[in-house]
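# Residue-level structural notes
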Amino acid sequence: MSDEYILELKNITKVFPGVRALDCVSFNLQKGEIHALMGENGAGKSTFIKVITGVHQPEEGEILLDGKTVHFRNPVDAQKAGIAAIYQHVTCYPSLSVAENMFLGHELVAGKIKRLDWKRMYKEADGWLQKLHANFKSDVEMGTLSVAQQQLVEIAKALSMNARIIIMDEPTAALTEHESEELYAITERLRDTGRSVIFISHRMEDTERLASRVTVFRDSKYIGVWNVKDVTRSELVKAMVGREITQMFPKKKVSIGATVLEVSHLGRTGYFRDVSFTVRAGEILALTGLVGAGRTEVCESIYGVTQYDGGYVKLNGKKVRFTHPSEAIAAGFGYLPEDRQKQGLVLQWELSKNITLPALQQVIKKTGFLDVKKENHISCQLCRELMVKTPSVFETASLLSGGNQQKVVVAKLLTTPKKILVLDEPTKGVDVGAKTAIYEIIGNLAEKGYAIILISSEMPEVLGISDRIVVMKDGRVTAEFETAQADQNKILKAAMMEKAGKE
């Protein structure tokens, strides 16, 4: 053990029934260091966090804190030792105030009767928020805050517990570029005050911007550690996926067919107005723009989740208006929502039940009973086609990695005949290997003649797999490009234009 390490894990192994979640992994963290941890979904990163924070106890291996062996029986032990974790999906009580959330579990008390010292808690909470340059007070309800602001509260909570080691799990996954920059600045301030940060991310930008070192896990094993300044992106990708990815965007040449969907002057008061575009068979149309541009809202109105109050939609040349998503599904629409866990999957269900949910008529016998054999056949076939990594279709959806969960949501779209697919941020929160696999799936679907609307905020993705790009800002279309004539600067310029127009 070197004195330079505040935390060191040696040969940690964690086994669950039938699964070796961590296989002899090692990791070390210096004082005042931002150390990135990278790996594909399912590489063991989440289990690793839970071992450090005392949620799980390893079967083998050793944890050293300040050079001394420690055993965390539960999360409270880890908290007392100065370790805190901020998870990708912030867990909070939305109806409670920021201060109540911040001091939950370690409330401040006063007097002989140990009454809650609310005045002091609100004062200290405001103090921590001020140090983090927050633009809100501790008396506001947690549920009124954005994801970025809620993460800020979690950081303040960690500081209020005197955390010396802070673990951040995919903190930028749901943030805008501006919010990510603000988080970077906060993380650097934590480092400059002597705290150590384990920054878990799929994004190369996060690692290159913040970390001094990066450790990679693959298939529950430790692969290696590098100085960030000495390793290339391609080397990190190879370490994470076990092979070189020569083509990140496997775009296929597809003959574009006739117009399938026509959206004309569509409007919904307060959300978007005068939105027009077309999508053709075999075409991938990217809808892009800054967060809040109205892309999702437009597609939800077309799909029948909400109702537009101006303009019209034509499907194969005929006007249609869906008052409910079930009508859109019957007409051949498929919609992959942005939040796969809340809107795309029933996490407690088996994969087979999730996949066949939109196609119950196919798997219900005339007697009214479920045809389990047919359900499993359809699910197995789609899981093989989409290369879903799972022991079986009887696996619970919550146990899959993020990338494989996303593939299951795509599988749901393919259980019934479709003409149009709306894919809302299809690679959000998934690793580089899963991204490439999803891009290949999208290309295969386009080759089969599907008309695809891709909602995405990632410029490389938009430029890499789309045929045509529609840019939106503040609920209006500001530009439209053939992808071959577009570049990142043109798209960003259009995303910030004040007046609508086309180029």
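Heads up: these notes are all about the structure in this document. This one's a predicted model, so the numbers in the text were calculated from it and none came from an experiment. In every chain, residue numbers begin from 1 and rise along the written sequence. Where totals are concerned, whole chains, interfaces and linings use all residues; where local detail is concerned, this predicted model gives features only for residues with pLDDT of at least 70, and gives and counts side-chain atom pairs only at 80 or more. With hydrogens and water set aside, each side-chain value is computed from the structure's full complement of heavy atoms.

## A short note on the environment of N135
By the criteria applied, helices consist of DSSP H or I runs no shorter than four residues and strands consist of E runs no shorter than two, each listed in order from the N terminus. When you line up the elements, N135 lands in the loop between α4 (118–131) and α5 (147–160). With 259 residues separating them in the primary sequence, N135 and F394 have C-alpha atoms 47 Å apart. Counted as a polar contact is a pair of N or O atoms within 3.5 Å, where, for protein atoms, one must be capable of donating a hydrogen and the other of accepting one, and residues adjacent in sequence contribute only when both atoms are in side chains. At 3.2 Å, the side chain of N135 and the side chain of Q149 are in polar contact.

## Some points on helix α1 (residues 45–52)
Think of it in three bands: residues with accessible area under 20% of the maximum for their type are buried, residues over 50% are exposed, and the middle band is partly exposed, with areas taken using a 1.4 Å probe on protein chains only. Across the eight residues that make up α1, a large majority, six, are buried. Residues K45, T47, F48, I49, V51 and I52 constitute the buried set of α1. Backbone geometry just after α1 places G54 at a positive phi near 85°.

## What about the nonpolar core?
Nonpolar side chains tend toward joint burial in soluble globular proteins. Buried Ala, Val, Leu, Ile, Met, Phe, Trp, Tyr and Cys residues that are joined via side-chain atoms within 4.5 Å together make up what is termed a nonpolar core. Ranked by size, the top nonpolar core spans 35 residues in total, and within it L414, L423 and I452 carry the most contacts. For this core, the elements supplying multiple residues, two or more each, are α12 (351–356), α14 (372–385), α15 (402–413), β19 (420–424), α16 (432–447) and β20 (451–455). For this core, the element with the highest residue contribution is α16, accounting for seven residues. Contacts: residue pairs with any heavy atoms within 4.5 Å of one another. For I452, the contacting residues outside a window of four places in its chain are V279, E283, I284, L285, L421, L423, I442, L445 and A446. Within the second largest apolar cluster, 34 residues are counted, among which are F103, L145, L152 and F199.

## Quick word on the pairing of strand β1 (residues 5–16)
Where β1 and strand β2 (residues 19–30) come together, eight bridges link them in antiparallel fashion. Note on β2: the bridge partner recorded for V15 is R20. In this sheet, strand β4 (residues 60–65) lies alongside β1 in antiparallel orientation, the contact comprising five bridges. Bridging across to β4, L7 finds its partner in L65. Whether two strands pair comes down to DSSP finding at least two bridges between them.

## Structural notes on the pairing of strand β16 (residues 310–315)
The pairing of strand β13 (residues 259–268) with β16 spans five bridges and is antiparallel. Along β16, the bridge assignment pairs E262 with K314. Note that β16 and strand β17 (residues 318–320) share three bridges and pair antiparallel. Bridge pairing in β17 links V313 to V320. Between the antiparallel neighbours β16 and β17 lie two residues, among them N316 with a positive phi of about 50°.

In short, geometric facts, not functional conclusions.
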